[in-house]
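This is what each chain is made of:
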Amino acid sequence: MAEENSSNQITTSGKNSTSKSSIPKLLIFCAIIFIAAMTFLMLWGGRDELRKVKPGYAGPDFTLKDLNFKEVSLADYKGKVVLLNIWSMTCPPCVDEVPYFENLYQAMKDEKDFHLLTVNSNRGETHEDVSKFMKKMGLNFQALIDTKKTVYKRYKLTGWPETFLIEIGRASCRERV
């Protein structure tokens, strides 16, 4: 009987060591699957979403609605230099700089190779809110409304305001101002 007990103990401890060794194998397998999925996403899925905008690279295109609900794309300005400003009317530095953009717009609005394009990256503002704000401030430049923060995400912004000088003809971002 003593021999039977000792063989039972050996068998039992053998089963425990087998189940314990399968846990690390499962973890390694899951880690490999996770790494493979992340590599796939970074290399093929959403490349524009993962790449930070920097000089020499194409400025990510977008299509948004202006204050008249007309769709406008960055690509509409092919052959022009676009000063793209992303702002919010609830951002004090943004509010401080909009008069300067209005002055620039007034000085440059007749230049055929230049366009000032502003994007209100939504922090809860509606088209109506932005329209009222622009009228109150006496702003006449074009403002697009980004209710889903599409431009904010594509341009990898870290806050407001941010400004980019983009040459659409060359499809490259010249400067992050």
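Residues numbered from 1 in each chain as written. Predicted model: local features only at pLDDT ≥ 70, side-chain atom pairs only at ≥ 80, totals over all residues. Heavy atoms only, no water.

**Quick look at the overall build of the protein**
Counting its secondary structure elements, the protein contains five helices and seven strands. Ordering the α and β elements of the protein from the N terminus gives α-α-β-β-β-α-β-α-β-α-β-β. When burial is assessed residue by residue, the protein has 33% of its 177 residues classed as buried. Taking contacts inside the protein between residues at least 6 apart in sequence as the whole, the part at least 24 apart equals 73%. For the protein, the computed accessible surface area is about 11300 Å², with 58% contributed by carbon and sulfur atoms. (Helix = DSSP H or I, 4+ residues; strand = E, 2+ residues; numbered from the N terminus. Buried < 20%, exposed > 50% of the residue type's maximum accessible area, 1.4 Å probe, protein only. Contact = heavy atoms within 4.5 Å. Areas by Shrake-Rupley, 256 points an atom, 1.4 Å probe, with all protein chains shown as cover.)

**Looking at the packing of aromatic side chains**
Across all of its chains, the model carries four aromatic pairs by this definition. An angle of 35° between the planes, with centres 4.9 Å apart, marks the rings of Y152 and W160 as tilted. The residues Y152 and W160 share a single accessibility class, namely buried. For the pair Y155 and F164, a centre-to-centre distance of 4.9 Å together with 55° between the ring planes defines the contact as tilted. With respect to class, Y155 is no different from F164; both count as buried. Joined through ring pairs, the aromatic side chains of F62, Y155 and F164 make up one cluster. Its end group placed over the ring of Y152, K149 keeps NZ or CZ at 5.7 Å from the ring centre. (Phe/Tyr/Trp six-rings, centres within 6.5 Å; stacked < 30°, edge-to-face > 60°. Lys NZ or Arg CZ within 6 Å of the ring centre and 35° of its normal.)

**Observations concerning the confidence of the model for the protein**
A residue-level look at the protein finds 70% of positions with pLDDT of 70 or above and a mean pLDDT of 78. Mean pLDDT across the elements of the protein ranges from a minimum in helix α2 (residues 47-50), with 46, to a maximum in strand β2 (residues 71-73), with 95. Ignoring residues within four places in sequence, the model shows residues 1-15, a span with pLDDT below 50, making zero contacts including any to other chains. Every residue in residues 47-51 scores below 50 in pLDDT, and together they form 13 contacts with partners more than four places removed in sequence or on other chains. (pLDDT = per-residue confidence, 0-100.)

**Comments concerning a nonpolar patch on the surface**
On the surface, L26, F29 and I33 cluster together into a nonpolar patch covering about 320 Å² of accessible area. Relative to the helices and strands, L26 is located in helix α1 (residues 2-43). (Patch = residues over 30% accessible without salt bridge, like charges linked within 9 Å, V, L, I, M, F, W, Y side chains within 5 Å. Salt bridge = Lys/Arg side-chain N within 4 Å of Asp/Glu carboxyl O.)

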